[in-house]
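Coordinates in review
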Amino acid sequence: MRLVRSVADLRALLKPLWNEGKRIGFVPTMGYLHEGHAALVRQSASRCDVTVVSIFVNPTQFAPNEDFAKYPRDLERDQALCLEAGADVLFLPEVAEMYPTGFQTHVEPGRLAEPLCGAFRPGHFRGVATVVAKLLAMVQPDLAFFGQKDFQQTVVVRRMVRDLNLPVDVVVIPTIREEDGLAMSSRNSYLSDDERERARCLSQGLFAAEEAFRHGERDPEQITTLARQAMAGADRLQYLELVDAQTLEPIQGPLDRTAALCVAAYVGATRLIDNVVLAPTVGEAGLNVSLSPTHGD
Ligand code: AMP
């Protein structure tokens, strides 16, 4: 596995591979990697000739009051995980490499960036879209891998790729969870033992809603209430919303389309997010509905 820190070195390394028509897979991350990231890397390694992983804690997607400075970092462990999962190139740009003096051009996502996390993290998805667009331009992958864990991010990135005609296929893989259901996240390392115990309630609430949905519940209010009741162990729910999986608009009336139940909550001082996708069967909704979140648009 090669470590590369500059865009120039990355291009020099990738150029022959582009020219040879190698299939390149790309996994952008912020590091402090866990099995969720490893699943993305493995997926890429199994489908591509070359897998590039980036680790970059992107300052422009953090608000001034957020955890940019204390975001966990452990390069040695990340390197071992990437190697084990099958990465070929680890790209580790510095902030000055990504945002040199005079940087002033951004990707501005539209309405999809407004609800859910966008409502509580102004500018977050502008930062995400900009850095992902830059990384895609640097790596020029055939496939780029993202986790369903950050559901709104996958929708915003897919839309950007489509709107800007970026020549890449976006692949979304399911959320990888701890044994008790908690979605794996670099931020789980912030949790105390008591908080870690209470954090389980978020996935439990989502699973309860999923179970009710599977048994035929189609009332958004009922589904959301069931989840909310199970989430009492969180200190504060920032949002819990059932939204159309493609438009991210709230579901009004009976659930007849693929939807995502999305939550953001504080457990102690740590903000956690999670979601489940609820897809009506073909028989119910007709063949117009895309059942696979991987190919949602
Ligand atoms: P991050 O390092 O948190 O920016 O995440 C990098 C990529 O890994 C994003 O596409 C995330 O959605 C994905 N990811 C993070 N956690 C998980 C998880 N538990 N399961 C699957 N993918 C994940």
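Here is a short report on the structure shown in this document. (Residues numbered from 1 in each chain as written. Predicted model: local features only at pLDDT ≥ 70, side-chain atom pairs only at ≥ 80, totals over all residues. Heavy atoms only, no water.)

**Comments concerning the nonpolar core**
Of all hydrophobic cores here, the largest spans 50 residues; its most connected members are L10, V52, F91, V132, L136 and F151. The element contributing the most residues to this core is helix 6 (residues 124-139), with 10 residues. Taken domain by domain, the makeup of this core includes at least three residues from each of domain 1 (2-173) and domain 2 (186-278). Residues contacting V52, with those up to four places away along its chain left out, are L14, I24, G25, F26, V27, V89, F91 and V139. Formed by 24 residues, the second largest nonpolar core is a distinct cluster that contains F213, L240, L242 and V276. (Core = buried A, V, L, I, M, F, W, Y, C linked by side-chain atoms within 4.5 Å. Buried < 20%, exposed > 50% of the residue type's maximum accessible area, 1.4 Å probe, protein only. Helix = DSSP H or I, 4+ residues; strand = E, 2+ residues; numbered from the N terminus. Domains from an automatic or database assignment. Contact = heavy atoms within 4.5 Å.)

**Quick notes on the pairing of strand 2 (residues 24-29)**
Extensive coverage of strand 2 is indicated by the burial of six of its six residues. The side-chain alternation of strand 2 yields two buried faces, one formed by I24, F26 and P28 and the other by G25, V27 and T29. Where strand 2 meets strand 3 (residues 50-55), six bridges bridge the pair, whose relative direction is parallel. Each residue of the ladder has a partner; that of P28, found in strand 3, is S54. Handedness of the crossover joining strand 2 and strand 3 through helix 2 (residues 35-47) is recorded here as right-handed. The sheet contact formed by strand 2 and strand 5 (residues 143-147) spans two bridges and is parallel. Following the sheet pairing, G25 is matched in strand 5 by L143. (Pairing = 2+ DSSP bridges. Right-handed = clockwise from strand over helix to strand, strands pointing away.)

Nothing here speaks to function; it is geometry throughout.
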